[in-house]
Amino acid sequence: MKKKLICVGLSLLTVFSCVACRSTSEQIDETRSQLYVFNYDAGFGSDWLKTAIERFEAKYADTSFEAGKQGVQVWVDNQISIPDNNTVKGQNNAIYFLEEKDYYEGISQGVYKDITSWMKEPLTEYGETESIEDKMYAYGTTFPDFYKTSEGKYYAIPFHEGFWGINYDVDLFGEKELFMTTAFEEKSEGASHAESIPAYWSNGKEKSNLSKGPDGAAGTIDDGLPATYDDFYVLLDRMLVRGVTPFHWSGKSIRYTTNMMYNLWVDYEGEEQMMLNYRMNGNATDLSTIDGGALVTDETPLAITQANGYELQRQAGKYYALSFAQKIVTDKRYYNDLAYSPSETHKTAQATYLYSGLNGSPVAFLIDGSYWQREANAIFTEMGAVDESYSRASRKFGMLPFPKATAKKVGEKQTIAGGAGSYMVVNGSSSAGVTKQMEMAKLFIQYIHTDEILKVFTENTGSTRPLDYDFTEAEMAAQPYYTQTIWNLHKNNKIICPWANTSLIISNHDEFNDQNNGFKYSSVQTTPFEYLKEISAEEAFGKLYDYKKNKWPQLG
Amino acid sequence: MWFCIALVILPMIQFAIFYVGVNINSFVLAFKKITIYESGSSYTMWVGFDNFKRFLSEIFSDGGALRYAVVNSLIHYAVSILINIPLLLLFAFYIYKRHFGHKVFQIMLYLPTIFSTLVMVISFSYFVDRAVPYLGKILFGKEMSGLLSGDLQARYITILFYGTWSGFGSGLLMYASAMRRIPESVVEAAKLDGCSPIREFLTISIPLIYPTLSTFLLVSIPNLFRAQGCLFEFYGTLADGRLQTLGYYMYLQILSGSKNIADLPYASAGGLILTAVAIPLTLGARKLLNKLDPEVSY
């Protein structure tokens, strides 16, 4: 009897496991045409897509796309894993929102549809005069160069501009008086113990008293923030004086720290010099070497071609990024105890960061993507349920504008690398199921590129898209502070697409991504936040160059 | 007859496509290079043994990840043979003899096999990275880093320890049940002759379970090339290169290839080289184990 009961119990368990895990309250509406969309439901989620779909369905409620049906019903398949190309070919989804996929490989395998005509068609259907392509070019960055093939065709549209940087707790900065004042700015160079002089620090309430920040202009969003690396180092010590741990990051996703360093390098170089790393065509003006422990820049610019592209490993911005990182990692007081732990995933790191103030050990900076707040929604909700002042709406965070490596660079616009592997495509399958969705897919793709929905994307995700669109001042002032700092980077600075559609880059994708192209000096040591604990920035700078130079012939 | 054919035809087709076909494709891919052009088209060309040369040169290059992977794989394998298996046999003997607490040992040592690997890895990493430093501070007043996030040596030993502990599971049960099949009369006769427990373990139990032991030893040889040491579960794709094993290294190559097909030929060549080493090694080990067989039966 006992055995029978056990068998029945086990059978029931098996039966339950066969039931579909995904429950949906929505049913297929046979009176409407179906449009199937795949969404990589990670950092940016799908809330913006729900809003866009509701409006799209309402707009076309009376339109017939196939005989006997009226209106359109958009189904979203939200997944946290990206399908491979063969899977995409076999699926019925018409549109895909993807990340970390090799664009040109998808084209070569015939997975993506040619959408050039959709890109070039003005959005007159929605009362606008520009096309999607116009908006991309009007934005004025390098994204179109990558997504347009050498034959002038488009197979994808860049999706989001997510990037990795240093997120900071604005409330904590105010509470612990971590904003810099004009007095700090005016102090003499090399003044000691600046971290302990009260006149140099402020709670940020008196805006007119704040230093100008990296943009060198008063009255802007970066006032009171460190303008240079040296200022930043003083800020780190100020934090220690005030009982604040400066940094935390995810030990499991330690690549975020490399992505952040990569952006430091990008910011130093600016668009033109940084894009040499991918276009291999132009003059490199700041190639440097270490001489007697100091960085010495070459007197004459070097003409870069595919033959000598490895020389770009000597760009000065790379050295400065290494020295910035080394400052942080060689002093344990500057980062949380769990920062290097592989048990610290990106989400537990967000929890550690958000909860840090509650246990008396507040942390000021979190190295994470610009999408992190949406990812940490559950933690904000949990904290807000106990005390509303800890909810997402009540707390104030910002994306720290990168300080400049040298005083000479203060005042230059920020340049940041946006996600090159994030794009939306249309299924290139010729199956009947996919083909009959094309008319709706085209309208949907064009609809989500109207100014209205581009703004919905930013409002919902706090992030931006690499196209030209705008908010009024009042609209932006109503957004969370974090969104405002991201918008400032989008609107007033430069977000570039660090990639190129040359055969060298496309065929050696792994070697030229931001992890490996920037800071890998051997097949063993790949993460600078780890190896800079053992070797100096100067030594790493030399090793990075040697590694790339030796590897270069294999990449041809 | 038709019924039998109908029953096996689908599995046979699957086998032909997903095993035979895939392996033939891997074999051919190892001799090619794939280039993707600006237009999105791709071009595949025959490059002979270039991929093989590259793989072999990386094994012999100073400080290369592949060289570390080979050495680490050998160390992991040596630990499993010299420490894991003797400990397994001792624990199996203890459980077989039903000494004090044998049920507790059985459960504790089998636990890692019952729970999901991810659950075990996460629990273990939480323990060694948070609880251990905390205990170190409380008990010894010493500030210490987590065992998986501190210095390289600590990480290496911790990974080896976890691999040893998590590897006990099924082997323990197999050896214990093999020992339980030893006739009681043999054991009793040995006792009457004044045989000590250690003597019984070495001269009776081990020889009589030799077929089970040799099977496990033989089956463990491919693990030399496949075992990741749970590195992916602990560190994702970012394990320090000095910790990597061959299994982990090859897995990273496949992951890279899944994102960019241009990386696949190198991975294929590596796989073929490792297969070429594994086959004679396995056959040689089988010959050696057959020679060492005491050929006792009951």
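Residues numbered from 1 in each chain as written. Chains lettered and ligands numbered in written order. Predicted model: local features only at pLDDT ≥ 70, side-chain atom pairs only at ≥ 80, totals over all residues. Heavy atoms only, no water.

When helices and strands are counted, chain A shows 25 helices and 17 strands. The C-alpha atoms of chain A give 25 Å as radius of gyration, which agrees with the globular expectation for 556 residues (24 Å, within 12%). Along the longest, intermediate and shortest principal axes, the C-alpha atoms of chain A span 80 × 60 × 60 Å. Long-range contacts, defined here as pairs at least 24 residues apart, represent 74% of the contacts in chain A between residues at least 6 apart. Summed over its atoms, the accessible surface of chain A is roughly 22,100 Å², and 50% of this surface lies on carbon and sulfur atoms. (Helix = DSSP H or I, 4+ residues; strand = E, 2+ residues; numbered from the N terminus. Rg over C-alpha atoms; globule rule 2.2 N^0.38 Å. Contact = heavy atoms within 4.5 Å. Areas by Shrake-Rupley, 256 points an atom, 1.4 Å probe, with all protein chains shown as cover.)

Tallying secondary structure elements over chain B gives 14 helices and two strands in all. The buried share among the 298 residues of chain B stands at 41%. Considering only intrachain contacts with a sequence separation of at least 6, the fraction spanning at least 24 residues in chain B is 64%. When the accessible surface of chain B is summed, it comes to about 16,800 Å², and 70% of that surface belongs to carbon and sulfur atoms. Of note, chain B has its 22 positive side-chain charges centred 2 Å away from the centre of its 16 negative side-chain charges. (Buried < 20%, exposed > 50% of the residue type's maximum accessible area, 1.4 Å probe, protein only. Lys, Arg positive; Asp, Glu negative; His and termini not counted. Charge placed at Lys NZ, Arg CZ, Asp CG, Glu CD.)

Turning our attention to empty space enclosed by the protein. Going through the model one piece at a time under the given rule, you end up with three cavities of 30 Å³ or more. Estimated volume of the largest cavity: approximately 90 Å³. As for the largest cavity, its lining consists of 14 residues, and the residues nearest its centre are G251, Y340 and E530 of chain A together with Y235 and L238 of chain B. Taken together, the residues that form the lining of the largest cavity break down as seven nonpolar, three polar and four charged. (1 Å grid on protein atoms, 1.4 Å probe; cavity = no way out; pocket = protein on both sides within 12 Å on 5 of 7 lines; lining within 4 Å. Points joined across faces, edges and corners; volume = space filled by probe spheres on them. Nonpolar A, V, L, I, M, F, W, Y, C, P; charged D, E, K, R; others polar.)

Contacts between chain B and chain A engage 38 residues on the former and 39 residues on the latter. Counting each side, the surface lost to burial between chain B and chain A is near 3,000 Å², with a carbon and sulfur contribution of 45%. Summed over the shared surface of chain B and chain A, the result is three salt bridges. Between E534 of chain A and R242 of chain B there is a salt bridge whose closest N-O contact spans 3.2 Å. (Buried area = accessible area lost by both parts, 1.4 Å probe. Salt bridge = Lys/Arg side-chain N within 4 Å of Asp/Glu carboxyl O.)

This part is about the sheet that holds strand β4 (residues 156-158) of chain A. Residue and element names in this part refer to chain A. On the basis of which strands lie adjacent, the open sheet formed by five strands has the order β2-β1-β3-β16-β4 and mixed pairing. Unpaired on one side and paired on the other, β2 (72-79) and β4 mark the two borders of the sheet. With direction set aside, neighbouring strand axes in the sheet form an average angle of 20°. Both strand β1 (residues 33-40) and strand β3 (residues 95-98) contribute to a ladder of three bridges, which runs parallel. Counted as the bridge partner of N39 is F97 from β3. Helix α2 (residues 47-59) contacts β1, β2 and β3 of the sheet and is inclined by roughly 170° relative to β2. On the sheet, helix α17 (residues 438-447) packs against β1, β2, β3, β4 and β16 (423-426) and is oriented at approximately 55° with respect to β1. (Pairing = 2+ DSSP bridges. Axes fitted to C-alpha atoms, helices over the stretch in contact; angles between N-to-C directions.)

On to the environment of N263 of chain A, then. Residue and element names in this part refer to chain A. Structurally, N263 can be placed in helix α11 (residues 255-279). You can call N263 buried: its relative accessible area is 2%. Counting along the chain gives 58 residues from N263 to A321, while the straight-line C-alpha distance between them is 8.5 Å. Side-chain polar atoms of N263 contact the backbone oxygen of W164, separated by 2.9 Å. (Polar contact = N/O pair within 3.5 Å; in protein donor to acceptor, adjacent residues only side chain to side chain.)

Next up on the list: the confidence of the model for chain B. Scored by pLDDT, chain B comes out at a mean of 88, with 98% of its residues at no less than 70. The complex prediction reports pTM at 0.87, with the ipTM value standing at 0.80. (pLDDT = per-residue confidence, 0-100.)

Let's shift gears to the layout of surface pockets. In this structure, the second largest pocket spans a volume of roughly 1,200 Å³. For the second largest pocket, the lining is made up of 39 residues, of which V22, S26, I254, L264 and S268 of chain B are closest to its centre. Contributions of two or more residues to the lining of the second largest pocket are made by α3 (85-90) and α4 (103-108) of chain A together with α1 (2-29), β1 (32-36), β2 (42-46), α11 (223-226), α13 (246-259) and α14 (264-292) of chain B. Sorting elements by how many residues they give to the lining of the second largest pocket places α1 of chain B first, with nine residues.

Right, let's talk about the environment of T305 of chain A for a bit. Assignment of secondary structure puts T305 of chain A in the loop between β12 (302-304) and α12 (316-329). Along the sequence, T305 of chain A and N501 of chain A sit 196 residues apart, while their C-alpha atoms lie 15 Å from each other.

Packed helices, taken two at a time, are described by the angle between their axes plus the distance between the axes. Residues and elements named next belong to chain B. Between helix α3 (residues 65-96) and helix α9 (residues 197-208), the shortest axis-to-axis distance is 12 Å and the interhelical angle comes to 105°. Looking at the two axes, α3 sits roughly perpendicular to α9. Mapping the contact onto sequence places L89, L90, F93 and Y96 in α3 and P197, E200, F201, S205 and I206 in α9. In terms of residue class, the contact of α3 with α9 is built from seven nonpolar, one polar and one charged. (Parallel < 35°, antiparallel > 145°, perpendicular 65-115°, else oblique.)

What follows concerns the sheet that holds strand β5 (residues 164-169) of chain A. In a beta sheet, neighbouring strands pair by backbone hydrogen bonds and run either parallel or antiparallel. Residues and elements named next belong to chain A. Within the open sheet, the four strands sit side by side as β8-β13-β5-β14. Their pairing is mixed. If you trace the sheet from one side to the other, it starts and ends with β8 (245-248) and β14 (397-399), each paired once. Looking at each pair of strands side by side, their axes are set apart by 25° on average, direction ignored. Here three bridges tie β8 to strand β13 (residues 363-369), and the two strands are oriented parallel to one another. In the strand pairing of β13, F247 is matched with F365. Across the sheet, α11 lies against β5 and β13, angled at about 100° from β5, the strand it touches most.

This part takes up the pattern of salt bridges. One pass over the full model with this rule turns up 30 salt bridges over all chains. The salt bridge involving R54 of chain B is made with E58 of chain B; its shortest N-O contact spans 3.6 Å. Of this pair, R54 of chain B and E58 of chain B both sit in helix α2 (residues 50-60), four residues apart, which is roughly one turn of the helix. Connected through shared salt-bridge partners, D29, R32 and E57 of chain A make up one network.

With that settled, consider unusual backbone geometry. We note that M280 of chain A has phi near 55°; this positive angle belongs to a residue other than glycine. Of note in this structure, R98 of chain B is not a glycine but carries a positive phi near 55°. You can see R98 of chain B is positioned in the loop between α3 and α4 (102-114).

Turning next to the confidence of the model for chain A. It should be kept in mind that the predicted coordinates are not to be read in detail where pLDDT is low. Residues and elements named next belong to chain A. With 96% of its residues at a pLDDT of 70 or more, chain A has an overall mean of 90. Of all the helices and strands in chain A, helix α1 (residues 2-18) carries the lowest mean pLDDT, 68, while β8 carries the highest, 98. A low-confidence stretch, residues 19-23 (pLDDT under 50), is modelled with three contacts involving residues beyond four sequence positions or located in other chains.

Attention shifts here to the side chain of T461 of chain A. All names here are of chain A. Along the chain, T461 falls in helix α18 (residues 451-461). Under the relative-accessibility criterion, T461 is labelled buried at 4%. A polar side-chain atom of T461 sits 2.7 Å from the main-chain carbonyl oxygen of F457. Apart from residues no more than four positions distant in its own chain, T461 is found in contact with F44 and W48.

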